[in-house]
Amino acid sequence: MRGTKTMVESAGKIVAGTVGEKVLTVHKLRVLDERAGERRAVCGAGQPTDETDEWLRPVNCRACLDIETE
């Protein structure tokens, strides 16, 4: 459904960042392990082995924006 937000349960810390080689799409990343730098896009983008980078840029992934994390 377009325009409907869903809530992520027990989201933990959320940061903005990129997944893999696609540096123009900024996702909401859930921090899984702060020490190891392990993060996952809340929309499910990327593979488990894809590198994630934290950015101080606004999130522009439509799927991530549709998921309420706060």
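Structure's up top.
Attention in this report is confined to the structure presented alongside it.

Criteria and cut-off values
Residues numbered from 1 in each chain as written. Predicted model: local features only at pLDDT ≥ 70, side-chain atom pairs only at ≥ 80, totals over all residues. Heavy atoms only, no water. Helix = DSSP H or I, 4+ residues; strand = E, 2+ residues; numbered from the N terminus. Areas by Shrake-Rupley, 256 points an atom, 1.4 Å probe, with all protein chains shown as cover. Buried < 20%, exposed > 50% of the residue type's maximum accessible area, 1.4 Å probe, protein only. Contact = heavy atoms within 4.5 Å. Polar contact = N/O pair within 3.5 Å; in protein donor to acceptor, adjacent residues only side chain to side chain. Pairing = 2+ DSSP bridges. Patch = residues over 30% accessible without salt bridge, like charges linked within 9 Å, V, L, I, M, F, W, Y side chains within 5 Å. Salt bridge = Lys/Arg side-chain N within 4 Å of Asp/Glu carboxyl O. Axes fitted to C-alpha atoms, helices over the stretch in contact; angles between N-to-C directions.

## Topic: the overall build of the chain
Item 1. Each helix and strand counted, the chain has one helix and six strands in total.
Item 2. Secondary structure elements of the chain, listed N to C terminal, follow the sequence β-β-β-β-β-α-β.
Item 3. Accessible surface, the chain: about 5,100 Å² in total, of which carbon and sulfur atoms supply 49%.

## So, the environment of Ala41
Item 1. With respect to the helices and strands, Ala41 occurs in strand E4 (residues 38-41).
Item 2. A relative accessible area of 8% means that Ala41 is categorised as buried.
Item 3. The spacing of Ala41 and Gly17 is 24 residues in sequence and 8.4 Å in space, taken between C-alpha atoms.

## Remarks on the environment of Thr18
Item 1. As for its placement among the helices and strands, Thr18 is situated in strand E2 (residues 14-19).
Item 2. As a C-alpha pair, Thr18 and Leu29 span eleven residues in sequence and 8.1 Å in three-dimensional space.
Item 3. Once you skip the residues sitting within four places of it in the chain, Thr18 turns out to touch Val23, Thr25, Val26, Leu29, Glu51, Thr52, Asp53 and Trp55.
Item 4. There is a polar contact of 3.0 Å between the side chain of Thr18 and the side chain of Trp55.

## As for the pairing of E2
Item 1. The buried fraction of E2 amounts to five of the six residues, a majority that puts the element mostly inside the structure.
Item 2. With five bridges joining them, E2 and strand E3 (residues 22-33) adopt antiparallel strand pairing. Note that in E3 the partner of Ile14 across the bridge is Arg30.
Item 3. Counting the residues in the hairpin turn of E2 and E3 gives two residues, including Gly20, whose phi is positive at 65 degrees.

## Here we look at a nonpolar patch on the surface
Item 1. On the surface, a nonpolar cluster with roughly 310 Å² of combined accessible area is contributed by Val23, Leu24 and Trp55.
Item 2. With respect to the helices and strands, the residue Leu24 is situated in strand E3.

## What about the sheet that holds E2?
Item 1. Across the sheet, four strands lie side by side as E4-E3-E2-E5; this open sheet has antiparallel pairing. Only two strands of the sheet have a single partner each, and these edge strands are E4 and strand E5 (52-54). Going across the sheet, the axis of each strand differs from the next one's by a mean of 50 degrees, ignoring polarity.
Item 2. Here E3 pairs with E4 via four bridges, running antiparallel. Bridged to Val31 within E4 is Arg39.

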